[in-house]
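Read off the chains here:
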Amino acid sequence: QVQLVESGGGLVQAGGSLRLSCAASGSILSINSMGWYRQAPGAQRELVATITSGGSTNYADSVKGRFTISRDNAKNTVSLQMNSLKPEDTAVYYCNARVVVIGAYYVMDYWGKGTLVTVSS
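A quick note: this is a predicted structure, and the numbers were derived from the prediction, not measured. (Residues numbered from 1 in each chain as written. Predicted model: local features only at pLDDT ≥ 70, side-chain atom pairs only at ≥ 80, totals over all residues. Heavy atoms only, no water.)

Visitor: Lay out the overall build of the protein in plain terms, naming residues and giving numbers.
Guide: Counting its secondary structure elements, the protein contains zero helices and eleven strands. Starting at the N terminus, the α and β elements of the protein follow one another as β-β-β-β-β-β-β-β-β-β-β. Relative to a compact globule of 121 residues, whose C-alpha radius of gyration would be 14 Å, the protein shows 14 Å and is just as compact. Referenced to the eigenvectors of the C-alpha coordinate spread, the extents of the protein come out at roughly 50 × 25 × 20 Å. When the 121 residues of the protein are sorted by exposure, 40% land in the buried category. (Helix = DSSP H or I, 4+ residues; strand = E, 2+ residues; numbered from the N terminus. Rg over C-alpha atoms; globule rule 2.2 N^0.38 Å. Buried < 20%, exposed > 50% of the residue type's maximum accessible area, 1.4 Å probe, protein only.)

See below:
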């Protein structure tokens, strides 16, 4: 019903920048929050940043001041600008959207397939 497609991952040296993008499509009535999560090898998935439809943002302490999340409500897209990247930022990054599907009356979580970010030292 709803698909999330991420793009923008890759390999970058420490101190460099990457921009991730995610587009949501399908039977979308509205999207509450959108965000990015990441999962490093051997670790649990963790929150990176979220943004509400009104533009309120929330960041993990580890990325504050380095990452910026933004959203285009009209296009159902969310982006994550990542600056001053560190080797510990290496992970698979997943896009998340909390969606009200057309014909439904509840919010469902949808996830992208993930995009790999590798930061070399």
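Visitor: Outline the state of the cysteines, listing residues and values.
Guide: Across all of its chains, the model carries one disulfide by this definition. At a sulfur-sulfur separation of 2.1 Å, the disulfide partner of C22 is C95. Across the S-S bond of C22 and C95 the torsion is about -85°, and the bridge reads as left-handed. Residue C22 is found in strand β3 (residues 18-26), and its partner C95 is found in strand β9 (residues 91-101); the two are separated by 73 residues along the sequence. (Disulfide = S-S within 2.5 Å.)

Visitor: Now, about unusual backbone geometry: what can you tell me, with residues and values included?
Guide: The backbone of N76 sits at a positive phi, close to 55°, despite the residue not being glycine. At S84, a residue that is not glycine, the phi angle is positive and equals roughly 50°. With respect to the helices and strands, the residue S84 is situated in the loop between β8 (77-82) and β9. Overall, S84 belongs to the partly exposed group, its relative accessible area being 40%.

Visitor: If you had to explain the nonpolar core to someone new, which residues and values would you point to?
Guide: Grouped together as the largest cluster of nonpolar side chains are 33 residues, with contacts concentrated most on W36, L80, M82 and Y93. Of all the elements in the fold, those that place two or more residues in this core are β1 (2-7), β3, β4 (28-39), β5 (46-51), β7 (67-72), β8, β9 and β11 (115-120). In terms of residue count, β9 provides more of this core than any other element does, six residues in total. (Core = buried A, V, L, I, M, F, W, Y, C linked by side-chain atoms within 4.5 Å.)

Visitor: So, the packing of aromatic side chains: which residues are in play, and what are the values?
Guide: What the rule picks out here adds up to one aromatic pair. Ring centres of Y37 and W111 lie 5.1 Å apart, and the angle between their planes is 70°; on these two criteria the pair is classed as edge-to-face. Of this pair, Y37 sits in strand β4 while W111 sits in strand β10 (residues 107-111), placing them 74 residues apart in sequence. On the basis of relative accessible area, W111 is assigned to the partly exposed category, the value being 37%. Between R45 and the ring centre of Y94, over which it is positioned, the NZ or CZ distance is 3.7 Å. For the cation-ring pair, R45 lies above W111, with the distance from its terminal atom to the ring centre recorded as 4.7 Å. (Phe/Tyr/Trp six-rings, centres within 6.5 Å; stacked < 30°, edge-to-face > 60°. Lys NZ or Arg CZ within 6 Å of the ring centre and 35° of its normal.)

Visitor: Outline the sheet that holds β8, supporting the account with residue identities and numerical values.
Guide: If you trace the four strands from one edge of the open sheet to the other, you get β1-β3-β8-β7, paired in antiparallel fashion. Either end of the sheet is taken by a strand with one partner, and the two such strands are β1 and β7. In this sheet, neighbouring strand axes are inclined to one another by 15° on average, regardless of whether the strands run parallel or antiparallel. Both β7 and β8 contribute to a ladder of six bridges, which runs antiparallel. Paired with S70 across the two strands is S79, which belongs to β8. (Pairing = 2+ DSSP bridges. Axes fitted to C-alpha atoms, helices over the stretch in contact; angles between N-to-C directions.)

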